[in-house]
Structures are given as C-alpha cells and as structure tokens.
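Residue-level structure breakdown
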Amino acid sequence: MLAYFHDVQPEILAYKERLEKNNMVIDKTNLLFLNLILNILNYLATENPEKLDELCEYNVLTMRKEFEGVIRNEAVNEKAQAVLLTFFLRIAKEMEIKYKQIENEDLQKLFTLLTSKDFKLPSYIKDQKSFALESMPDNIKRMLYMKS
C-alpha cells in the first residue's frame with residue numbers, strides 16, 4: 001500500500017482554507033457542493049493518514065495527479081471543483097465496494113446526491129460517474145485480488 005496522505009495532508013488543509021476564502025457561490029446548489037467539498041477536504045486533511053491510505057488506495061493510484069493538480073495549483077474555479085467532486089465520488093464508491101459502507105457522512109451525502117437520477121450533472125462529472133459506478137468496481141476487485 002502506498003503511503004500518501006501523511007505528506008499531503010498539510011497541503012489539503014491549506015487548499016481548503018484558500019477555497020473557503022476564494023470561492024464563487026452563485027446559488028444554493030453551488031453552496032451545497034462547496035460545503036461538501038470543504039467538509040471532505042477537512043476530513044482528508046485530519047483523518048488518520050494510514051487509514052485514508054487504505055480507504056482511498058485505488059483512487060490515489062488512479063487519480064492522484066488530477067487531485068494534486070487542483071490543490072497544488074490552488075485552483076478554485078468550476079473545473080477544479082468538478083475534479084474534486086469526481087475524486088470524492090470515486091473515494092465514496094471505493095469505500096462502498098471494499099467495506100460495504102461509506103464511512104464519512106459528507107462523502108455519503110455527496111454520493112447520494114451525485115447518484116440521484118433527478119440530479120443534472122456537468123458532462124465531465126457524468127462521464128466519471130459512469131466510470132465510478134460501472135467500471136471501477138471490477139478494477140478495485142481486481143486490484144484487491146492481485147494484492148492477496
């Protein structure tokens with residue numbers, strides 16, 4: 001297992017603070033997602049890093065560059081938030097696949113919202129949602145099988 005979160009947690013926390021101060025909220029939906037993003041960033045910045053390494057292993061391996069691109073470049077625009085939402089959706093799905101539950105309340109809420117049939121998503125998130133719900137489960141199961 002890759003040790004990842006221990007070294008990146010201070011960067012996540014700094015990014016969370018920057019996003020909190022420099023965001024553009026235009027409606028209630030944006031505010032809802034912004035609050036979820038901020039809460040999940042706080043969770044990733046403060047939870048036991050070894051635990052996070054286990055919970056998020058597949059997504060760190062497959063989406064690390066995109067996540068780091070957002071937090072290290074301090075991007076707070078709509079595309080950056082879409083990348084974060086995608087990363088978080090995939091983490092939630094990984095938890096569900098590996099442990100049959102999503103351990104964080106905010107990740108669970110985000111997962112429920114993004115998988116709702118009534119919710120209209122931007123195409124980038126919609127494509128990633130399809131991947132997370134259709135292809136990712138088999139990929140994670142294969143990764144776990146190969147590790148054992």
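Here we take up the overall build of the chain. If you tally the helices and strands in the chain, you get eight helices and zero strands. Ordered by position from the N terminus, the helices and strands of the chain form the series α-α-α-α-α-α-α-α. Counting over 148 residues, the chain shows a buried share of 46%. Within the chain, contacts between residues separated by at least 24 positions form 74% of all contacts whose residues are at least 6 apart in sequence.

Mapped onto the secondary structure, Phe88 falls in helix H5 (residues 78-99). Separated by 18 residues in sequence, Phe88 and Asp106 have C-alpha atoms that sit 9.7 Å apart.

So, about the side chain of Lys16. Locating Lys16 in the fold gives a position in helix H1 (residues 5-21). Once residues within four sequence positions are removed from consideration, Lys16 is found in contact with Leu38, Leu41 and Asn42.

Attention now moves to the environment of Asn48. Along the chain, the position of Asn48 falls in the loop between helix H2 (28-46) and helix H3 (49-55). When its relative accessible area of 37% is taken as the criterion, Asn48 is described as partly exposed. As for Asn48 and His6, which are separated by 42 residues in sequence, their C-alpha atoms are 8.2 Å apart.

Our focus in this paragraph is the packing of aromatic side chains. Following the criterion strictly, the structure yields three aromatic pairs and no others. Plain terms: the ring middles of Phe67 and Phe87 are 4.5 Å apart, the flat faces sit at 20° to each other, and that makes the pair stacked. On the criterion of sequence distance, the pair formed by Phe67 in helix H4 (residues 57-73) and Phe87 in helix H5 is long-range, its members being 20 residues apart. Its relative accessible area of 0% is what places Phe67 among the buried residues. Measuring from centroid to centroid gives 6.2 Å for Phe87 and Phe88, while their planes differ by 50°, and the two rings are tilted. Residues Phe87 and Phe88 agree in their burial class; the two are buried. Taken together, the aromatic side chains of Phe67, Phe87 and Phe88 make up a single cluster linked through ring pairs.

What counts and what doesn't
- Residues numbered from 1 in each chain as written.
- Predicted model: local features only at pLDDT ≥ 70, side-chain atom pairs only at ≥ 80, totals over all residues.
- Heavy atoms only, no water.
- Helix = DSSP H or I, 4+ residues; strand = E, 2+ residues; numbered from the N terminus.
- Buried < 20%, exposed > 50% of the residue type's maximum accessible area, 1.4 Å probe, protein only.
- Contact = heavy atoms within 4.5 Å.
- Phe/Tyr/Trp six-rings, centres within 6.5 Å; stacked < 30°, edge-to-face > 60°.

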